[in-house]
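Results of the structural survey
The lines below spell out each chain.
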Amino acid sequence: MGQSAVVLALVITAATSTKGDLRSLLRDSVRENPAKLNHRNHLERLDHLERLDDLDHLDQLQWNSQDEQSFRNLASVEDQLGLVGWASNEGLGECAVIVLYDTQVGAHVFSRITTSGFFLRGTTHVNVAQRSLKEALGYFSPSDSDRSCASLLLLLTSDTWRKLLDTSAATRQLSNIWAGHRRIFAIVQPTVDDAVGTAEQLLLHPVLRNSVHLLLCHYAVHSNSWLVHSPQLYSGMHRHSSHLIATYKRSTGIHWILGNKLFSEDKFLDFKGYEFTIAALPYSPFIMSAAVQNSGPGKYSGLEVMLVDTLACAANFTYVYKAPRDGQWGRLLHNGSWTGLIGKWCLVEREEADWAMSDITFSAERARYVDFSRSFLDDASELLTPRARPLPLFLGLVKPITLVISRPFTLGVWLTVAACITLSGPVLTLIVRCSVHQDKWFLNLFHAAVYTLQPVFMVRACAASPCCEPRPLPCKVNYSTTLGRDYDDSVMRGTPVEVKGDSSRVFTIFWLMSAMIISIMYSSSLTSFLILPGYSSPIMNLEQLVSSNIEWGKVNFGGVQNSLLEQTEDPVLVRLRHGVQWRTSLDDILKEVVAGSLATWDNRITTRLNIAVHFTDRSGQPLVTLTGFELMQEHIAWPMTRKAPFKKRFDELIQRARQGGLVTKWLSDVILEQQSLANQQSESSGSSVESASADHGAVVLSLDHLQGVFLVLVFGCIIGGGVFLGELAVNRQVPVNALRTHC
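Predicted, not measured: the structure shown is a model, and the values here were computed from it. (Residues numbered from 1 in each chain as written. Predicted model: local features only at pLDDT ≥ 70, side-chain atom pairs only at ≥ 80, totals over all residues. Heavy atoms only, no water.)

**Here's the deal with the overall build of the protein chain**
Note the cut-off: Segments assigned H or I by DSSP are reported as helices when at least four residues long, segments assigned E as strands when at least two residues long, and all are numbered from the N terminus. Partly exposed describes any residue whose relative accessible area lies between the buried limit of under 20% and the exposed limit of over 50%, with all areas from a 1.4 Å probe on protein chains only and scaled to the type maximum. Surface accessibility follows the Shrake-Rupley procedure with a 1.4 Å probe radius. Residue values consider only the protein chains on display as shielding.
Counting its secondary structure elements, the protein chain contains 27 helices and 20 strands. Relative to its 743 residues, the protein chain shows a buried fraction of 46%. Looking at the protein chain as shown, the accessible area adds up to about 37,500 Å², and 56% of this sits on carbon and sulfur atoms.

And the structure:
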């Protein structure tokens, strides 16, 4: 009988023999064929397997061969140990390693691994043949935080591995075991039933469509070598394909065919022109319609389009757009399904798009169903309310009262001025008393006080007494002498009194300068206060909004802002939810805000751009109140399919664009471009949206501007009339001669 027949007989007999029968057959074969050292090696390995306490299922040992040479290679544990050592040196052992096996050969390989020191961070072994598939999968589920970093070493037959993958596909949690950047090294254990190409087909299993660092080794009989395959994801024309990257022989070592690393981190440096599908909705300034006839680049323009075009150029890919059927951004419904860009038509359930973009806000609720890229822009929902309106004429009566209480100075200024006036007279008297040249007239405290009051209350030094008469007064202040130059008596509004002392002159100079500045500021502020019409206070927060007579509206985007209103328990937001008017156009809402009948809130970047372009007066002032009140902070990012293998590469590119200031620059460019385009359209059409209060060139003063002046006059007439009526009622007259006699 030939050598091949002897070996085949051994294999067939071993499949149905007991443990002792298999040893006897091998020992007899050695005696009959002394040159067959490989049989002696098998006998030694069989004795070693018997010493393993937890491995006593030798009936599961599966051998397959066409001739003696291939039999020796397939049964060689050293070949698989060489592959494992290679993978360990390439980074498989950076984390703890979970080893799965289902044959005695795999068990023997694991026993040798534990004594070889390949994996310093420890190993865990699972005999899949003794456990259910779900139980085996539970050992390396990503939900287990202790094993989330574990690498996988699979020593399984192709049939067992296929069943394991099919079981994983039953639920999303199990399918995520194979996704992402976890390092997986699989050595397919040869069996009799293996067909040509079976191992490569395992790599194309749908569950492995997001496995980045997966390597599969299987034995090729025709070349007497181990072939190493790796999946190719998002490359060229294929979403998921397989490539042969290396071969291995124990005698010659590794022969690289593609690349030079097993677990390369550079797999997505070049997508080789792969065409991604992007879910998108137009929303200025992030995405704006351009050439609507296109399906990919050029269809839209805007900030996010600039970002994705930059990434496409850097990573060599292209894309097409896909719009959601319901036209919404995406929110979670009560039945547990999602709408819009994150809904079942695109990302979560059917994965019809690779990612979505259009000012999409990160939220923890959304992150349970999709993976968000790194945030590239921060935004906020800002409250917009109507501008303050002029008060009606009948409310202008409050102006004289307001004038007395708080205008044109604040209470603190008034108190400071009063203190200065009170102390100025005594300070001047004290300076004169201590001076070498004593001005006797200022030694009188009353005279010094009246002197300092002249520039403040615009009275003459000796006119404060009712006994003054038109005759030469002994008290004359010579300002020309005091200040060293001619001064207009009408400006200083006082009777000249000579100040001789140097210290008195210094104090007088600074006091007069201070009084002059205060008087000018008072008169200027009083004039502006009387001319400018009174305005109502604008609404600046939600509490004021829900308590006012202004209604509020919102565009129904179906995004996180809608979810906030639906899920909130805050009393103010609950009132906001009950009273909100859902609209379809932001422009229509802003027109009503300009008209003063509505308030709204929306993304700050979009609304401020819209206002700057369409809703400002000729001086560039917004026709609405930008309150600065933020309902919520928003981090704008791209939601991607779960465990998207390209996410890491995209995050790196997005971070570089943001840190380099490109996103900020693009946003400024888009805003300036939109403003310029709107100005050109406005000039060509000769129309613009402005409120009735917008300024058109020179301001013509109207009754609204001057109502305060006339009301002060009316108020004074009323007071004078009241005094006159009081005199008539008392019927008392003071003769002038009596007053003069009293003086």
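**A short note on the confidence of the model for the protein chain**
Cut-off, in case you're wondering: For every residue, the predictor states its confidence as a pLDDT score lying anywhere from 0 to 100. For this analysis, residues touch if any pair of their heavy atoms sits within 4.5 Å.
Residues at a pLDDT of 70 or more form 68% of the protein chain, whose mean pLDDT is 74. For the stretch residues 25-75, pLDDT sits under 50, and the model shows 87 contacts to residues farther than four places along the chain or on other chains. Confidence over residues 143-147 falls short of pLDDT 50; this stretch has five contacts with residues more than four positions distant or in other chains.

**Describing the environment of Gln-567**
Positionally, Gln-567 belongs in helix H20 (residues 560-567). Sequence separation between Gln-567 and Arg-577 is ten residues; the distance between their C-alpha atoms is 9.9 Å. Setting aside chain neighbours within four positions, we find Gln-567 in contact with Glu-365 and Arg-577.

**A closer look at the nonpolar core**
Under the convention used in this document: Working definition of a nonpolar core: buried Ala, Val, Leu, Ile, Met, Phe, Trp, Tyr and Cys residues. They are joined through side-chain atoms within 4.5 Å.
If you look at the biggest cluster of nonpolar residues, it comprises 53 residues, and the most contacted ones within it are Phe-271, Phe-276, Phe-317, Trp-355, Trp-638 and Phe-650. Tallying contributions element by element places helix H11 (residues 303-315) first for this core, with seven residues. Discounting residues that sit within four places of it in the chain, Phe-271 has contacts with Tyr-234, Ser-235, Gly-236, Phe-276, Ala-315, Asn-316, Phe-317, Phe-646, Arg-649 and Phe-650. Among the nonpolar cores identified, the runner-up in size contains 30 residues, and Val-97, Val-105, Ala-107 and Phe-263 belong to it.

**Let's talk about the packing of helix H5 (residues 77-89) against helix H6 (residues 104-116)**
Helix packing for two helices is described by the angle between their axes and how far apart those axes are. What counts is decided by this rule: For every element, the axis is a line fit to its C-alpha atoms; helices are fit only across the contacting stretch, and the angle between N-to-C directions ranges from 0 to 180 degrees. For classification, angles of less than 35 degrees are called roughly parallel, those exceeding 145 degrees roughly antiparallel, those between 65 and 115 degrees roughly perpendicular, and all remaining angles oblique. Should the near helix be turned anticlockwise from the far one by less than a right angle, the crossing is termed left-handed; should it be turned clockwise, right-handed. Just so you know the grouping, Ala, Val, Leu, Ile, Met, Phe, Trp, Tyr, Cys and Pro go in nonpolar, Asp, Glu, Lys and Arg go in charged, and all remaining residues, Gly too, go in polar.
In the contact formed by H5 and H6, the axes pass within 10 Å of each other and the chain directions differ by 55 degrees. Between H5 and H6, the angle falls in the class oblique. In the packing of H5 onto H6, the handedness of the crossing is right-handed. Between H5, through Val-77, Glu-78, Gln-80, Leu-81 and Val-84, and H6, the contact on the second element is made entirely by Val-105, His-108, Val-109, Arg-112 and Ile-113. Each residue belonging to the contact of H5 with H6 can be placed in one class, and the counts come to six nonpolar, two polar and two charged.

**Here's the deal with the sheet that holds strand E2 (residues 123-127)**
Rule in force here: Should DSSP find at least two bridges between two strands, the strands are taken to pair.
Read across the sheet, eight strands follow the order E2-E1-E3-E4-E5-E6-E7-E8 without closing on themselves; strand pairing throughout is mixed. Either end of the sheet is taken by a strand with one partner, and the two such strands are E2 and strand E8 (253-256). Strand-to-strand, the axes of this sheet are offset by a mean angle of 20 degrees, without reference to chain direction. Pairing analysis gives five bridges linking strand E5 (residues 214-220) to strand E6 (residues 225-235), with the strands arranged antiparallel. By the bridge assignment for E6, Leu-216 is matched with His-229.

**Brief notes about the pattern of salt bridges**
Between side chains of opposite charge, pairing is possible as soon as their charged atoms come close. Note the cut-off: Here a salt bridge means any side-chain nitrogen of Lys or Arg lying within 4 Å of a carboxyl oxygen belonging to Asp or Glu.
Evaluated as defined, the whole model comprises 18 salt bridges. In this structure, Glu-265 and Arg-183 form a salt bridge, with 3.6 Å as the shortest nitrogen-oxygen distance. On the criterion of sequence distance, the pair formed by Glu-265 in the loop between E8 and strand E9 (274-280) and Arg-183 in the loop between helix H9 (172-175) and strand E4 (184-187) is long-range, its members being 82 residues apart. The closest approach of N and O atoms between Glu-652 and Arg-649, which form a salt bridge, is 3.9 Å. Here Arg-649 and Glu-652 lie together in helix H24 (residues 647-659), a separation of three residues that amounts to about one turn. Using a relative accessible area of 39% as the deciding quantity, one classes Glu-652 as partly exposed.

**Here we look at a nonpolar patch on the surface**
Rules: Here, patches come from residues exposed beyond 30% relative accessible area and free of salt bridges, joined within 9 Å for like charges and within 5 Å for nonpolar side chains (Val, Leu, Ile, Met, Phe, Trp, Tyr).
Together, Leu-411, Trp-414, Leu-415 and Tyr-522 make up an exposed nonpolar region whose accessible area comes to about 390 Å². Of the residues forming the nonpolar patch, the biggest block, three residues, is contributed by helix H14 (residues 411-434). You can see Trp-414 is positioned in helix H14. Look at Trp-414 and you get partly exposed, because its relative accessible area is 31%.

**As for the side chain of Asp-651**
Among the secondary structure elements, Asp-651 is positioned in helix H24. Sequence-distant contacts of Asp-651, that is, excluding residues within four places in its chain, are made with Ser-373 and Arg-374.

**Topic: the packing of helix H22 (residues 586-595) against helix H23 (residues 604-614)**
Running from N to C, H22 and H23 point in directions that differ by 65 degrees, and their axes come no closer than 11 Å. Taken as a pair, H22 and H23 cross one another with a handedness that is right-handed. Between H22 and H23, the contacting residues are Leu-586, Asp-587 and Leu-590 on the first element and Thr-606, Thr-607, Asn-610 and Ile-611 on the second.

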